[in-house]
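Summary of the model geometry
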Amino acid sequence: MIESIDRVVNAIGGFLYRPYIVPLFLLAAGLYFTIRTGLIQFRLFGESIRVVKEKPKEKGSISSFGALMVSTASRVGTGNIVGVSTAICLGGFGAVFWMWVVALVGGASAFIESALAQVYKKRDADGSSYGGPSYYMEQALHQRWLGVVFAVVLILTYVVGFNMLAAYNLQDAFGGFSFYVKGRTPYIIGAILAVLFALCVLGGGKRLTNVTGVLVPVMGLLYIVMSLVVVFMNIKIFPSVIANIFRDAFNFKAAFSGFTGSCIMWGIKRGLYSNEAGMGSAPNVAATAHVSHPVKQGLIQTFGVFTDTLVICTCTAFIILFGGVPDASLNGIQLTQAALESEIGPAGGGFVAVAIFLFAFSSIIGNYYYGEANIRFITPRPWALTLY
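Residues numbered from 1 in each chain as written. Predicted model: local features only at pLDDT ≥ 70, side-chain atom pairs only at ≥ 80, totals over all residues. Heavy atoms only, no water.

1. Describing the environment of Q334
- Mapped onto the elements, Q334 comes out in helix α17 (residues 332–344).
- For Q334, a relative accessible area of 30% puts it in the partly exposed group.
- Sequence spacing of Q334 and F174 is 160 residues, and the spatial spacing of their C-alpha atoms is 9.6 Å. (Helix = DSSP H or I, 4+ residues; strand = E, 2+ residues; numbered from the N terminus. Buried < 20%, exposed > 50% of the residue type's maximum accessible area, 1.4 Å probe, protein only.)

Structure follows, in structure tokens:
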């Protein structure tokens, strides 16, 4: 059974990624929206920071900040550590630059999809809002069937695929510790994760925003501080690291001679996977915010894309590049742990394990909410949400 599923997934993934259909299409969409909106992600960047502070007029409503924290909780996940590490291992220093480019361009896609979610959102009897791509496919395009297809694919992608990946990466971060027993520890970690997750989601959307409103800023700040410590410990090599990033990024002869494994392709793929710009996920929570104008929520989600890639992903890249690569055979989470351990000692591995736990846990919470919104679109029956 598992082998059959694996073959189907690999066949579909191979079709979409070998011709680079998905990454290049998302990048092209970002460029199109950037031009059509007159570089809105740059022109109104200051405004995107200001509107985060805006309070909802209705008491008890989800604020723009709360919606940003739920979407950022999903964005800032294991891809920010494991994905960046993989991109550097397979694409080199230059992959970091192309991740930055994807974030700058993808900000326009995030703006469009989240502003549309506000325009076409619906309201519950209790005054709360809900919506997302499925809803504006139905209302703006008058194609409910397309919305249902999107909802099903999103549920399978986030609730099944991404949550499984987050949970796997979470337990894998503890693989180097003495207490880890391969056939037993993953089940214990999974059980703890399930209990903590249940305590959060059974409280409803308001509790989700309360949890992520604390968890996301705290974990993000701690991670930024640790990366700055590594940079300052190696400040003498700062110019050479930055130079290597830009030199490798524009080494087009090497890149296009093997485009599949080039820094450009790995930077684009991992950047899009990390910030989710244009993937239709963040609009599901963007629709829940109470803002005075749809554009404000679009700007807030643009800010979320920048925070995810230009800040958090860059932190991981700097930990690896400034900390050195102690063992060329390492990849993924183990590479980040080893790089930090080489700088601050054994505590580095523990810090990354805790960070990946918080990142993965926040992702699972955010992904859950995306699935719930799309279950509601497919069917309003209460038993469906209970079963979900």
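2. Notes on the environment of L26
- Assignment of secondary structure puts L26 in helix α2 (residues 21–36).
- Assessed through its relative accessible area of 15%, L26 is described here as buried.
- Expressed as a C-alpha distance, the spacing of L26 and V102, which sit 76 residues apart in the sequence, is 9.3 Å.
- Each residue touching L26, except ones within four places of it in the same chain, is listed here: S109, L272, A277, G278 and M279. (Contact = heavy atoms within 4.5 Å.)

3. What about the packing of aromatic side chains?
- What the rule picks out here adds up to 21 aromatic pairs.
- Between F45 and F306, the ring centres sit 5.7 Å apart and the planes meet at 40°, which makes this aromatic pair tilted. On the criterion of sequence distance, the pair formed by F45 in helix α4 (residues 45–50) and F306 in helix α16 (residues 294–323) is long-range, its members being 261 residues apart.
- By relative accessible area, which is 32% here, F45 ends up partly exposed. (Phe/Tyr/Trp six-rings, centres within 6.5 Å; stacked < 30°, edge-to-face > 60°.)

4. Focus: the nonpolar core
- Counting residues in each nonpolar core, the largest one holds 62 residues, and the members touching the most others are I81, V96, Y223 and I245.
- Take this core: its biggest share by element is 11 residues, from helix α18 (residues 347–378).
- Residues contacting I245, with those up to four places away along its chain left out, are F93, G94, V96, F97, W100, F318 and L321.
- Residues L154, F162, Y369 and Y370 belong to the second largest nonpolar core, which totals nine residues. (Core = buried A, V, L, I, M, F, W, Y, C linked by side-chain atoms within 4.5 Å.)

5. Focus on the packing of helix α6 (residues 82–91) against helix α7 (residues 94–119)
- Here α6 crosses α7 at 130°, and the two axes come no closer than 8 Å. When the axis of α6 is compared with that of α7, the two are oblique. Every residue of α7 that contacts α6 at V84, A87, I88 and G91 is listed here: G94, A95, V96 and M99.
- A class-by-class count of the residues in the contact of α6 with α7 yields six nonpolar, two polar and no charged. (Axes fitted to C-alpha atoms, helices over the stretch in contact; angles between N-to-C directions. Parallel < 35°, antiparallel > 145°, perpendicular 65-115°, else oblique. Nonpolar A, V, L, I, M, F, W, Y, C, P; charged D, E, K, R; others polar.)

6. With respect to α6
- Buried residues dominate α6, accounting for eight of its 10 residues.
- Those residues of α6 that fall on the buried side of the exposure criterion are V82, G83, V84, S85, T86, A87, I88 and G91.

7. Quick word on α16
- The end-to-end C-alpha distance of α16, which contains 30 residues, comes to 43 Å, matching closely the 44 Å that a straight helix rising 1.5 Å per residue would cover.
- By the largest-angle criterion, T314 marks the main kink of α16, which is about 30°.
- Within α16, 24 of the 30 residues are buried, which leaves the element mostly enclosed by the surrounding structure. (Expected span 1.5 Å × (residues − 1). Bend = angle between axes of the 7 residues up to and from the residue.)

8. What to know about unusual backbone geometry
- Even without being a glycine, L39 presents a positive backbone phi close to 60°.
- A relative accessible area of 43% places L39 in the partly exposed class.

9. Things to note about a nonpolar patch on the surface
- On the surface, a nonpolar cluster with roughly 430 Å² of combined accessible area is contributed by V152, L156, V160, M164 and I378.
- With four residues, helix α9 (residues 144–172) is the single largest residue contributor to the nonpolar patch.
- Among the secondary structure elements, M164 is positioned in helix α9.
- By relative accessible area, M164 is classed as exposed at 59%. (Patch = residues over 30% accessible without salt bridge, like charges linked within 9 Å, V, L, I, M, F, W, Y side chains within 5 Å. Areas by Shrake-Rupley, 256 points an atom, 1.4 Å probe, with all protein chains shown as cover. Salt bridge = Lys/Arg side-chain N within 4 Å of Asp/Glu carboxyl O.)

10. Regarding the packing of α9 against α18
- Where α9 contacts α18, the two axes come as close as 9 Å, and the packing angle between them is 160°. Our classification of the angle between α9 and α18 gives roughly antiparallel. Of the two elements, α9 crosses α18, and the hand of that crossing is left-handed.
- Looking at the contact of α9 with α18 residue by residue, the classes come out as 21 nonpolar, seven polar and one charged. (Left-handed = near helix turned anticlockwise from the far one by under 90°.)

11. Here we look at the confidence of the model for the chain
- Across the chain, the average pLDDT comes to 80, with 85% of residues at 70 or higher.
- When mean pLDDT is compared element by element in the chain, helix α8 (residues 133–139) scores highest at 92, while helix α13 (residues 252–257) scores lowest at 54. (pLDDT = per-residue confidence, 0-100.)

12. Let's talk about the side chain of N367
- Among the structural elements, N367 can be located in helix α18.
- With relative accessibility at 2%, the residue N367 sits in the buried group.
- Polar side-chain contacts of N367 include one of 2.9 Å to the side chain of N163. (Polar contact = N/O pair within 3.5 Å; in protein donor to acceptor, adjacent residues only side chain to side chain.)

13. A short note on the pattern of salt bridges
- All chains considered together, the criterion is met by three salt bridges.
- The partner of R50 in a salt bridge is E47, with the nearest N and O atoms 2.7 Å apart. Taken together, the residues span about one helical turn, with R50 and E47 both in helix α4 at a distance of three residues.
- E47 gets classed as partly exposed once you look at its relative accessible area, which sits at 28%.
- Across the pair D248 and R247 runs a salt bridge whose closest N-O atoms are separated by 3.8 Å.

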